[in-house]
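Per-entry structural report
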Amino acid sequence: MNKKIWLSPPHLTGEEQKYIKEAFDTNWIAPIGTNVDAFEKAICDYTKAKYCTVLSSGTAAIHLALIILGIKENDEIICPTFTFAATVNPVRYLKAIPIFVDSERDTFNMCPELLEKTIQARIAKGKKPKAILLVHIYGVPAKIKEIQEIAKQYEIPIIEDAADTLGATYKNKKIGTFGEIGIYSFNGNKIITTSGGGALVANKKKYTNKAVFLATQARDKAAHYQHSEIGYNYRMSNVVAGIGRGQMEVIENRIQQRRRNYEYYKENLGQIKEITFTKELENYYANRWLTTILTDTFKTREKIRFALAKENIEARPLWKPMHLQPIFKNHPNYLNGVSEDLFNRGLCLPSGSNMSTKDLIKITNCIKKVSQ
Ligand SMILES: *Cc1c(COP(=O)(O)O)cnc(C)c1O
């Protein structure tokens, strides 16, 4: 069997071990220590967010962001339907109600026009949404300018799920720093990894203070154990933060490598009439976490996917929209057909930053063979 080409495997430098060793040598094997502090500082320096709290996962970060903004049972939260379930699950941890909004075709992210219609429709029903959980999917920024204007007009805070999108920008400002709170993920398949982990960023100290408090069991200030709120065990370990410190040193290089993958695919497959790529919009800069293609039909998509699988190459259909998921199908949704179409015709191609040119040639040759 050929060596498997994965969709998006971890890509370590070896330098991470220096920081892990430091944690062992100083016996800071706890969710506190110099790696945690230095990793948070590195994220702030890089994103220009004022404050950062590193956590056990991106999902935990979304959960805490919702709690910090005061989300309670039966509150309505606007979410894109075209996302990973991890965006929406924390809404349900709180028994709040996700209101799903469909995508636009330029970026696959939440459609601004449909967002505004949705807000108006919910207000007409007598309930104003409490937050917009905005996702930037596959490393491509959503239409943040338009969405920010709508959020401002209706005075609804934005939480940015930038789990995939660390390093992407709009007008040179980092994605994840436009909302009240932003979150990143360092899961094994993301643009940089800590094996598992996440971060919450904000420009208000009270938010990150609250995040640390909630993530460490909500312990009140007292010599004994005193609690007046429900807490969580969500803090990142100092060992894992060492991996993050090492990874932050190479983030730009990882983004360049992923963007090169996208360019290579576009150059070599762009002429095939059954395949289309999305363009980068003016003023927007994607990290190209995953390169995605759209095929002319479901049948072509499956033909390509099976041909790749036969060569031991991992490719995946785009997200199945949340409004089609058994667990979320009964929540309100505002649709235009785009996300369902993307799900039927879209494919994520292998996009690791450690892929070789040989791998890229193999993948594109395989796709050319079946689609021409
Ligand atoms: C990966 C991902 C998450 C969850 O992050 P974890 O660190 O795996 O919990 C949330 N939202 C999106 C869009 C993701 O891709």
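Cut-offs applied
Residues numbered from 1 in each chain as written. Predicted model: local features only at pLDDT ≥ 70, side-chain atom pairs only at ≥ 80, totals over all residues. Heavy atoms only, no water. Core = buried A, V, L, I, M, F, W, Y, C linked by side-chain atoms within 4.5 Å. Buried < 20%, exposed > 50% of the residue type's maximum accessible area, 1.4 Å probe, protein only. Helix = DSSP H or I, 4+ residues; strand = E, 2+ residues; numbered from the N terminus. Domains from an automatic or database assignment. Contact = heavy atoms within 4.5 Å. Buried area = accessible area lost by both parts, 1.4 Å probe. Salt bridge = Lys/Arg side-chain N within 4 Å of Asp/Glu carboxyl O. Polar contact = N/O pair within 3.5 Å; in protein donor to acceptor, adjacent residues only side chain to side chain. Phe/Tyr/Trp six-rings, centres within 6.5 Å; stacked < 30°, edge-to-face > 60°. Near = heavy atom within 4 Å. Areas by Shrake-Rupley, 256 points an atom, 1.4 Å probe, with all protein chains shown as cover. 1 Å grid on protein atoms, 1.4 Å probe; cavity = no way out; pocket = protein on both sides within 12 Å on 5 of 7 lines; lining within 4 Å. Sits in = over half its atoms within 2 Å of the grid points. Nonpolar A, V, L, I, M, F, W, Y, C, P; charged D, E, K, R; others polar. Pairing = 2+ DSSP bridges. Expected span 1.5 Å × (residues − 1). Points joined across faces, edges and corners; volume = space filled by probe spheres on them.

Thoughts on the nonpolar core
One finds Ile43, Ile132, Tyr138, Leu166 and Phe186 to be the most contacted residues of the largest nonpolar core, which totals 60 residues. With five residues, helix H2 (residues 34-47) is the largest single contributor of residues to this core. Two domains each put at least three residues into this core: domain 1 (16-248) and domain 2 (251-371). Every residue in contact with Tyr138, bar those within four places of it in the chain, is listed here: Phe82, Phe108, Asp164, Asn287, Arg288, Trp289, Leu290, Thr292, Leu318, Trp319 and Cys348. In terms of nonpolar packing, the next biggest core, distinct from the first, is built from 33 residues, Ile62, Val91, Leu94 and Phe328 among them.

Some words on the domain arrangement of the protein chain
Quite often, the size of an interface is put as the accessible area lost when its parts meet. Taken domain by domain, the protein chain comprises domain 1 (16-248) and domain 2 (251-371). On a C-alpha basis, the centres of domain 1 and domain 2 stand 25 Å from each other. Counting residues at the interface gives 51 residues for domain 1, matched by 38 residues for domain 2. For the domain 1 and domain 2 pair, buried surface summed over both sides reaches about 3,900 Å², with 63% attributable to carbon and sulfur atoms. Among the residues domain 1 hides against domain 2, the three largest losses belong to Phe100, Tyr138 and Ile191. Together they make up 20% of the total. For the interface between domain 1 and domain 2, the tally reads one salt bridge. Across the contact surface, domain 1 and domain 2 share 22 residue pairs in polar contact (both at pLDDT 80 or more).

Structural notes on the packing of aromatic side chains
In total, this model carries eleven aromatic pairs according to the counting rule given. Summarising the aromatic geometry, the rings of Tyr138 and Trp289 are spaced 6.4 Å apart at their centres and angled 20 degrees between planes, so their arrangement reads as stacked. You can see Tyr138 sitting in the loop between strand E4 (131-135) and helix H6 (144-153) and its partner Trp289 sitting in the loop between strand E11 (284-285) and strand E12 (291-295), a full 151 residues away along the chain. Each member of the pair, Tyr138 together with Trp289, is buried.

Here we look at the side chain of His331
Mapping His331 onto the fold places it in the loop between strand E13 (316-317) and strand E14 (333-334). Sequence-distant contacts of His331, that is, excluding residues within four places in its chain, are made with Arg92, Ile97, Pro98 and Phe100.

Regarding the site of the ligand
Around the ligand, a shell composed of 16 residues is seen, among which Thr59, Asp161, Asp164, Ser185 and Lys190 lie nearest. Taking Gly58, its main chain carries an N or O atom lying 2.7 Å from an oxygen atom of the ligand. Lys190 places a polar side-chain atom, nitrogen or oxygen, 3.2 Å from an oxygen atom of the ligand. For the ligand, whose unbound accessible area comes to 380 Å², protein coverage reaches 94%. Its atoms largely coinciding with the cavity grid, the ligand occupies the largest pocket. Elements represented by at least two residues in the shell around the ligand include exactly helix H3 (58-68) and helix H4 (85-93). Across the shell around the ligand, the residue classes tally to five nonpolar, eight polar and three charged.

Side note on the sheet that holds strand E6 (residues 169-170)
Reading across from one edge, E7-E6-E11 is the order of the three strands in this open sheet, with antiparallel pairing throughout. Every interior strand has two partners, whereas the edge strands, strand E7 (173-174) and E11, have only one. In this structure, E6 lies alongside E7, joined through two bridges in antiparallel fashion. If you follow Tyr170 over to E7, its bridge partner there is Lys173.

A short note on H3
Most of H3 is tucked away: ten of the eleven residues are buried. Its side-chain oxygen placed 3.3 Å from the backbone nitrogen of Thr59, Ser57 serves as the N-cap of H3. Of the residues trailing H3, Gly70 is marked for its positive phi of about 80 degrees.

With respect to helix H5 (residues 112-124)
Note on helix geometry: an α-helix contains 3.6 residues per turn, so any two residues three or four positions apart are oriented the same way. Counted at 1.5 Å a residue, the expected span for H5 with its 13 residues is 18 Å, and the 18 Å between its end C-alpha atoms agrees. Against the buried residues of H5 lie strand E2 (76-80), strand E3 (97-101), E4, H6 and E14. Looking one or two residues beyond H5, the residue adopting positive phi is Gly126, at roughly 95 degrees.

What about empty space enclosed by the protein?
All chains considered together, the criterion is met by four cavities of 30 Å³ or more. In this structure, the largest cavity occupies an estimated 70 Å³ of space. Mapping the lining of the largest cavity onto the domain boundaries places at least three of its residues in each of domain 1 (16-248) and domain 2 (251-371). The calculated volume of the second largest cavity comes to roughly 50 Å³. Around the second largest cavity, the lining residues are Asp106, Thr107, Val140, Pro141, Lys279, Glu280, Leu281, Tyr284, Ala286 and Arg288.

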